[in-house]
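For reference, the chains in residue letters:
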Amino acid sequence: MEIVVFVCEESIEGILTGVYDAWVEALSSGLGHAHCRLAVNNGNDYNLELFCSYRDTPADTVKAGKVIRTLRKRLGEEVYECLCYAMASREPDRAEAVYRTIVAGLSMEQRYRVLDKVTDPHVARCFELKRNVGGEIHRELEFLRFKELENGVLLAKIHPKNDVLMYLGPHFSDRLPSENFLIYDTNRRKALFHEREKDWYMMDALELDEEMAGRISTEEEYYQDLFRMFCRTIAIESRENRALQRQFLPLYFRDVMPEFAKK
Amino acid sequence: MFYHVSMSTEKKELSEKNTVKYPAAVGAGQLSVMEKLRILTDAAKYDVACTSSGVERKGSGKGMGNTKFAGICHSFSADGRCISLLKILFTNYCIYDCRYCINRKSNDVERTAFTPEEICELTMNFYKRNYIEGLFLSSGIIRDPSYTMELICAAISRLRRVYRFEGYIHVKAIPGADPEIIYRLGLLVDRMSVNLELPTAEGLRNLAPNKNRSMILKPMRQIQNGIVNSKEEVAIYRNAPQFVPAGQSTQMIIGATPENDYQIVSVAEALYQKFGLKRVFYSAFVRVNEDRMLPALPGGPPLLREHRLYQADFLLRYYGFGAGELLSEDRPNFNVLLDPKCDWALRHLELFPMEVNRAPYEMLLRVPGIGVKSAKRIVKGRRLGNLQFDDLKKIGVVLKRALYFICCNGKMMYRTKIDEDYITRNLLDTENKRPPQPDLIDGREVTYRQLSLFDDVTAAGMVPPPGGQICAGAR
């Protein structure tokens with residue numbers, strides 16, 4: 001039996017479109033889900049396999065919307081949220097894991113319990129991806145730092161490994177409703193905007209104006225200095241433990257944190 | 001320079017509630033905010049609690065801030081402790097002379113005080129930049145407890161009402177303060193704590209001459225009752241103001257007084273059960289003052305002991321252990337080498353190996369290497385299929401500890417012995433990555449082990465094998 005590999009775009013929408021197309025293929029060919037597979041086109045050449053045909057599936061809002069509706073209705077919000085986290089991962093096998101989890105979930109009697117099925121390797125993988133992405137989201141909530149620009153806008157630059165930017169929107173817009181802020185993902189050149197007392201939104205393929213981003217407000221440096229001093233002072237000398245500090249706060253995050261700036 | 005708190009001036013201000021003015025007499029104001037922050041952070045750093053957890057609150061859309069139930073740490077200092085809140089003292093002037101405290105009256109340290117305005121500006125600007133999760137305000141005692149509490153209350157009130165700060169606020173309730181002020185403050189903050197300072201009343205008498213046990217327990221009880229009443233009120237009237245919604249905590253200093261671990265854990269247990277506390281924090285004693293009443297600590301602060309107490313504390317709160325199960329009068333101190341849970345399991349080998357696919361949740365929690373999350377996932381997962389060791393690994397069970405205590409479908413992971421001595425040895429051998437092997441010499445199993453010259457390590461940590469022999473040469 002020849003296997004059809006659906007090559008999806010990287011976004012959540014792209015993966016869900018792939019799920020839709022694979023499902024159609026599985027049913028219409030009469031060969032079932034074993035006949036289909038999902039892969040993510042991450043721009044690199046992937047290893048082509050023998051006895052497989054590859055089909056590109058461009059992202060389609062309508063198809064993705066249908067899948068989302070089905071997931072929320074039949075698997076429940078909790079499962080849907082977990083799948084969304086998993087799809088934001090950077091791992092190339094995320095599309096396949098999500099697809100198989102959906103297949104497993106919809107064929108179960110207690111569908112909303114699909115995540116408890118730890119004995120299924122794809123469900124376990126989904127759970128692992130979700131945990132990984134969830135951890136990174138939480139670390140961004142912790143370690144992201146805003147700086148105030150001349151015009152009062154708060155700017156944060158992040159470089160997450162997974163595509164977590166959109167999960168930061170609800171948290172920060174709830175927290176800082178009357179601020180204008182902008183979070184920029186330097187890895188993916190995406191930005192999240194929030195205007196004072198409005199909803200947040202995102203924009204893709206955006207170049208940050210470095211010159212503008214460098215013009216900080218007059219108070220900014222003062223507060224950075226204050227916080228740096230606070231962090232230095234709060235440590236108890238006789239308990240110093242750099243390894244423990246590194247365990248909780250990996251060096252990876254420190255380049256955007258003013259308390260670790262060399263001064 | 002040595003400042004004295006001037007207690008004679010401006011008594012009139014106390015009479016007017018809510019309009020307490022900043023005490024000009026304390027000689028502050030000349031220092032820059034940077035200097036003040038340095039002094040008052042330095043003075044606050046021995047306070048342990050820096051958690052921002054316990055309450056989930058969305059922003060109102062009008063002010064700034066929200067809170068997350070799990071809390072958020074925003075940075076970690078060089079000692080590996082988290083920085084979640086802006087932890088500062090209102091002032092480090094103090095009329096008390098507690099022997100262990102850096103801010104005691106008789107110490108010659110630089111003294112200063114913040115203005116409420118400065119505290120608010122710092123909090124708002126740090127919060128806006130995502131540096132902190134909120135404010136943790138404590139204070140030395142100026143003039144008297146009520147007066148100090150009123151000053152704190154005025155600052156917090158300003159932060160909440162004028163600046164519309166909706167993030168996390170933790171304040172210390174000062175023993176001896178007017179209950180009415182504590183009540184008012186409790187409606188503004190998320191968490192309140194009263195320091196127990198030392199585990200026993202006797203220790204307190206020796207080291208904190210101005211404080212006594214009943215004085216500390218009084219506000220603790222008041223806050224507890226306030227929380228209970230407020231919860232009932234909120235159940236009826238949804239929008240009733242919440243009193244200390246994130247609960248109450250306390251802390252005690254470990255190692256400054258001669259209490260043993262059993263006493264400390266029992267005190268903590270009593271606090272959880274009788275005072276409904278959210279957390280008890282333990283702080284390894286750091287000798288900041290030269291005082292003949294304080295113990296010398298040549299090895300530095302007792303960090304391992306503190307660590308073991310925290311481990312035991314979690315066992316009390318989340319794992320259903322009782323203090324009496326972990327320690328007893330005969331064994332009053334924790335094992336240096338093993339964590340309390342492993343230690344307990346080794347003393348109860350008759351319960352193991354436990355069948356993961358059938359054991360009740362409460363018993364799963366008692367297996368070393370299985371935590372609350374893993375236990376929950378095991379219980380959910382096994383309804384949908386038989387669990388194997390591979391699945392346990394994916395669930396997050398720490399197999400290198402758990403493998404001695406569990407079996408899946410009647411089989412243990414490796415060929416291991418249910419023998420206290422044997423398991424202890426393997427557990428301690430953390431560097432050793434190979435699967436545990438029975439000791440084999442010429443293909444025959446042996447049960448003795450090498451006599452160690454460093455028996456002091458062994459004696460402190462391990463319980464001698466049955467019969468009391470360290471080296472039993474029996475085959």
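Keep in mind it's a predicted model, so treat the numbers as computed, not measured.

**Quick look at the overall build of chain A**
Point 1. Check the secondary structure of chain A and you find 9 helices and 8 strands.
Point 2. Projected onto its principal axes, the C-alpha positions of chain A cover 70 × 45 × 35 Å.
Point 3. Each of the 263 residues in chain A was classed as buried or not, and the buried ones make up 39%.
Point 4. Within chain A, counting contacts between residues at least 6 apart in sequence, those at least 24 apart form 67% of the total.

**Section: the interface of chain A and chain B**
The figure often quoted for interface size is the accessible area lost as the parts come together.
Point 1. Between chain A and chain B, the contact holds 41 residues from the first and 45 residues from the second.
Point 2. Counting only elements with at least two residues in the side of chain A that touches chain B, the list comes to α5 (121–143), α6 (165–175), α8 (220–234) and α9 (242–248) of chain A.
Point 3. No other element matches α8(A), which puts 8 residues into the side of chain A that touches chain B.
Point 4. For the side of chain A that touches chain B, the residue count by class is 21 nonpolar, 6 polar and 14 charged.

**Concerning the sheet that holds strand β2 (residues 36–40) of chain A**
Two strands in a sheet stick together by hydrogen bonds in their backbones, pointing the same way (parallel) or opposite ways (antiparallel).
All names here are of chain A.
Point 1. An order of β2-β1-β3 is seen for the 3 strands of this open sheet, with the pairing classed as parallel. Of all strands in the sheet, those bounded by a partner on one side alone are β2 and β3 (52–57). On average, each strand axis in the sheet is inclined to that of its neighbour by 30 degrees, with strand direction left out of account.
Point 2. With 6 bridges joining them, strand β1 (residues 3–8) and β3 adopt parallel strand pairing. Within β3, the position partnered with F6 by the bridge is R55.
Point 3. The strands touched by helix α1 (residues 12–29) are β1, β2 and β3; relative to β1, the strand with the most contacts, the crossing angle is about 160 degrees.

**Examining helix α1 (residues 33–44) of chain B**
Point 1. With 12 residues, α1(B) extends 16 Å from end C-alpha to end C-alpha; this agrees with the ideal 16 Å at 1.5 Å per step.
Point 2. Looking at the packing, one finds that the buried side of α1(B) touches α8 of chain A together with β3 (85–89), α2 (116–128) and β4 (134–138) of chain B.

**A short note on the packing of helix α3 (residues 77–87) of chain A against α5(A)**
Residues and elements named next belong to chain A.
Point 1. Relative orientation of the contacting elements α3 and α5 amounts to 75 degrees, with a least axis distance of 8 Å. Relative to α5, the element α3 is oriented roughly perpendicular. Here α3 contributes C82, L83, Y85 and A86 to the contact with α5, which in turn contributes C126, L129, K130, V133 and G134.

**Things to note about the nonpolar core**
Point 1. Of all hydrophobic cores here, the largest spans 185 residues; its most connected members are A86(A), V98(A), I183(A), I152(B) and I156(B).
Point 2. Tallying contributions element by element places α5(A) first for this core, with 9 residues.
Point 3. Not counting residues up to four positions away in its chain, the partners in contact with I152(B) are F90(B), L137(B), S139(B), V171(B) and L185(B).

**Details of the confidence of the model for chain B**
All names here are of chain B.
Point 1. Within chain B, residue pLDDT values average 85, and 84% of them lie at 70 or more.
Point 2. Contacts for the low-pLDDT stretch residues 1–28, under 50 throughout, to residues beyond four places or in other chains number 30 contacts.
Point 3. When the criterion is pLDDT under 50, residues 456–475 qualifies, and its contacts beyond four places in sequence or with other chains add up to 24 contacts.
Point 4. Scored by ipTM, the complex comes to 0.92, with pTM at 0.86.

Conventions and cut-offs
- Residues numbered from 1 in each chain as written.
- Chains lettered and ligands numbered in written order.
- Predicted model: local features only at pLDDT ≥ 70, side-chain atom pairs only at ≥ 80, totals over all residues.
- Helix = DSSP H or I, 4+ residues; strand = E, 2+ residues; numbered from the N terminus.
- Buried ≥ 20, exposed ≤ 12 C-beta atoms within 10 Å, placed from the backbone.
- Contact = placed C-beta atoms within 7 Å.
- Nonpolar A, V, L, I, M, F, W, Y, C, P; charged D, E, K, R; others polar.
- Pairing = 2+ DSSP bridges.
- Axes fitted to C-alpha atoms, helices over the stretch in contact; angles between N-to-C directions.
- Expected span 1.5 Å × (residues − 1).
- Parallel < 35°, antiparallel > 145°, perpendicular 65-115°, else oblique.
- Core = buried A, V, L, I, M, F, W, Y, C linked by C-beta atoms within 7 Å.
- pLDDT = per-residue confidence, 0-100.

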